[in-house]
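What follows is each chain in one-letter form.
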Amino acid sequence: MSLRIGIPLETFAGEKRVATVPDVVEKLIKMGFSVSLESGAGAAANFNDDAYRDAGAEIVPSAVALMGASDIIFKVRAPSKEEISLIKPGATLISFLWPAQNSELMQCLAERKLTVLAMDSVPRISRAQKMDALSSMANIAGYRAVIEAAHHFGRFFTGQITAAGKVPPAKVFVIGAGVAGLAALGTAVGLGAIVRANDTRPEVGDQVKSMGAEFVPVDYQEEGTGVGGYAKAMSEGFQKAQRNTFANQAKDVDIIITTALIPGKAAPKLITAEMVKSMRAGSVIVDMAAEQGGNCELTVPGEVVVTHGVTIIGYTDLPSRLSKQASTLYATNVLRLAEELCKTLDGVINVNFADEVIRGATVIKDGVITWPPPQIKILELAKNSVISNVPVALSKKSIHGHGSLKPVSSSLLALVFSGGALLFWFIGAFAPASFISHFTVFVLACFIGYMVIWNVTPALHTPLMSVTNAISSIIAVGALVQVAPPIVSSAQDRPDVLIQVLSVAALMLTAINMFGGFAVTHRMLAMFRK
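Here the structure is a predicted model, which is why all the values come from computation and not from measurement.

Asks: Provide a residue-level description of the overall build of the chain, including the pertinent values.
Replies: A count of helices and strands for the chain gives 17 helices and 17 strands. Looking at the chain residue by residue over its 530 residues, the buried ones come to 42%. Considering only residue pairs separated by 6 or more positions, the chain has 64% of its internal contacts joining residues 24 or more positions apart. Of the accessible surface of the chain, which amounts to about 27800 Å², a share of 61% is contributed by carbon and sulfur atoms.

Asks: Run through the environment of E291, naming residues and quoting values.
Replies: Structurally, the position occupied by E291 is in the loop between β13 (284-287) and β14 (304-307). The class of E291 is partly exposed, set by a relative accessible area of 42%. For the pair E291 and P301, spaced 10 residues apart in sequence, the C-alpha separation works out to 6.1 Å. Once residues lying within four places of it in the same chain are set aside, the contact partners of E291 are R77 and T316. Of the polar contacts made by the side chain of E291, one reaches the side chain of R77; its length is 2.8 Å.

Asks: Report on the packing of helix α1 (residues 22-30) against helix α11 (residues 323-341), specifying residues and quantitative values.
Replies: For any two helices packed against each other, the geometry comes down to the angle between their axes and how far apart the axes lie. Packing of α1 against α11 leaves a shortest axis separation of 10 Å and a crossing angle of 10 degrees. In terms of orientation, α1 and α11 fall into the roughly parallel class. Touching V24, K27 and L28 of α1 are A331, T332, L335 and A338, all from α11. Among the residues making up the contact of α1 with α11, the classes are represented as 5 nonpolar, 1 polar and 1 charged.

Asks: Got a sec to walk through the nonpolar core? Specific residues and values, please.
Replies: Within the largest apolar cluster, 49 residues are counted, with the highest numbers of intra-cluster contacts made by L28, F33, F74, I94 and Y330. When contributions to this core are tallied by element, the ones reaching two or more residues are β1 (4-7), α1, β2 (34-38), α2 (49-55), β4 (72-74), α6 (133-152), α11 and α12 (356-361). Broken down by element, the residue count for this core peaks at 8 residues, all from α11.

Asks: Give a description of the side chain of S36 that names residues and reports values.
Replies: Among the structural elements, S36 can be located in strand β2. If we ignore the near neighbours within four places in the chain, the residues touching S36 are R4, I5, G6, I7, E58, V60 and L66.

Asks: So, the pairing of strand β12 (residues 255-258): which residues are in play, and what are the values?
Replies: Covered by surrounding structure in β12 are I255 and I257 together with I256 and T258, the residues of both alternating faces. The pairing of strand β9 (residues 171-175) with β12 spans 4 bridges and is classified as parallel. Of the residues in β12, the one forming a bridge with V174 is I257. In this structure, β12 lies alongside β13, joined through 4 bridges in parallel fashion. Of the residues in β13, the one forming a bridge with I257 is V286.

Asks: Break down the side chain of D199 for me, citing the residues and quoting the values.
Replies: Locating D199 in the fold gives a position in the loop between β10 (194-198) and α8 (205-210). Looking at D199, its side chain comes within polar contact range of the main-chain nitrogen of A177, at 2.6 Å. Residues contacting D199, with those up to four places away along its chain left out, are G176, A177, G178, V204 and F215.

Asks: I'd like to hear about the packing of α6 against helix α7 (residues 179-190), residue by residue, with values.
Replies: Following both chains from N to C, one finds α6 and α7 inclined at 35 degrees, their axes separated by 7 Å at the closest point. You can see that α6 and α7 cross each other, and the crossing is right-handed. Residues S135, A138, N139, G142, Y143 and V146 of α6 pack against V179, A180, A183, A184, T187 and A188 of α7. A class-by-class count of the residues in the contact of α6 with α7 yields 8 nonpolar, 4 polar and no charged.

Conventions used here
Residues numbered from 1 in each chain as written. Predicted model: local features only at pLDDT ≥ 70, side-chain atom pairs only at ≥ 80, totals over all residues. Heavy atoms only, no water. Helix = DSSP H or I, 4+ residues; strand = E, 2+ residues; numbered from the N terminus. Buried < 20%, exposed > 50% of the residue type's maximum accessible area, 1.4 Å probe, protein only. Contact = heavy atoms within 4.5 Å. Areas by Shrake-Rupley, 256 points an atom, 1.4 Å probe, with all protein chains shown as cover. Polar contact = N/O pair within 3.5 Å; in protein donor to acceptor, adjacent residues only side chain to side chain. Axes fitted to C-alpha atoms, helices over the stretch in contact; angles between N-to-C directions. Parallel < 35°, antiparallel > 145°, perpendicular 65-115°, else oblique. Nonpolar A, V, L, I, M, F, W, Y, C, P; charged D, E, K, R; others polar. Core = buried A, V, L, I, M, F, W, Y, C linked by side-chain atoms within 4.5 Å. Pairing = 2+ DSSP bridges. Left-handed = near helix turned anticlockwise from the far one by under 90°.

Next up, the structure:
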């Protein structure tokens, strides 16, 4: 028997998003589910009831009727106590929840014997990117933060020279270069501003530069990358150096956008009242961490305040201010999670804890709190390691993802070498001299290709790229040797013209493959530059 998915109207003050959209409803129905929506659930996001009806959903007049008949509830915001009391016992809830900050809410959900999957707890691994609603919403929030800053800022972002005078470009400083920060700096660069950014994770510096902004490092050596790619809490020494860096930037820039958050903790205070006071009148601060307490000491969550002539924007609903786009992306993220839960496409979900993505997202199962989940073991290469250390770092896992490498027994190794030696003796004893010459070139080319390409750090290329580059190197080296043979004493010893022609053709094709790869890479990088 297929399950019914219910999507209620969001009751959180000012929330305009909806948990699914008509296009996604059609896909959920194809998966075997039946879908019901509370009347008006998508109105604030510009999706009317008729659009949902046309997609195959049933429109229910009230939340009471909807939740009491639904086996699965899709929501955006965490449910209130009143909403929890309406959910059918034993049902499944999929929503943003923030379990680390809402222990009382977790207890209420557990008492209702619900199974709860938190969209904010989806693990940050490659396979789960399609379900990463945090990144989807952060991308929208970063874009909207710049639009809000531009609305309150008294000048153009881009510089202009007009008959009426010269307008200098705005200077924007983005704190935190995660998804939201990169979206913000990309938007600000697109508007023509001079953009700078800072992050505790030094590896994001190249990403910042590739998008046309300047990376401002802190003059203090400390690793800032936490679990899952998030930033971690830093030492007091680093924080002091960081405050000095931010204080210098505050005196120079026009707009500061803060995005710093640490999972499970209140937002760190990075912009002090003294820094705000040092900024020029008319400057703007957009505190994207306002919902978690704010990165600025003077932020008022949900409001815009003006202090010392500086406008401080503390909106907690930035994604909701682009409700149609945000709803579409969130609905897609939830759909991908539903696909993982219902791989049989029969309208029945399976909360399988053997799946690391489902286990990470599930915070309550059948009324039992299962949060926090066990840490996912992710293979990470030691940073700044030399090439010779790479085989050690990868000894437990094949570069190509084929699983663990089993040690080769000494007897098997001896057998392989004996067979190889016998094969070489056979070739040397019976093969013609010309074949031996070409075979020697082939073996040397293989060795050089292996040593040159295979020893490159895997972080710099994919397994597929490493294999194709190795093959290209083998072809290039072998062809070069054939095209330019050693000096011969007689015409009889000269190489066959056909071999030289084939070698030239091989070089041409290999060159196309190599330089084509560089050209494609250059074009991809150009997409992120102004």
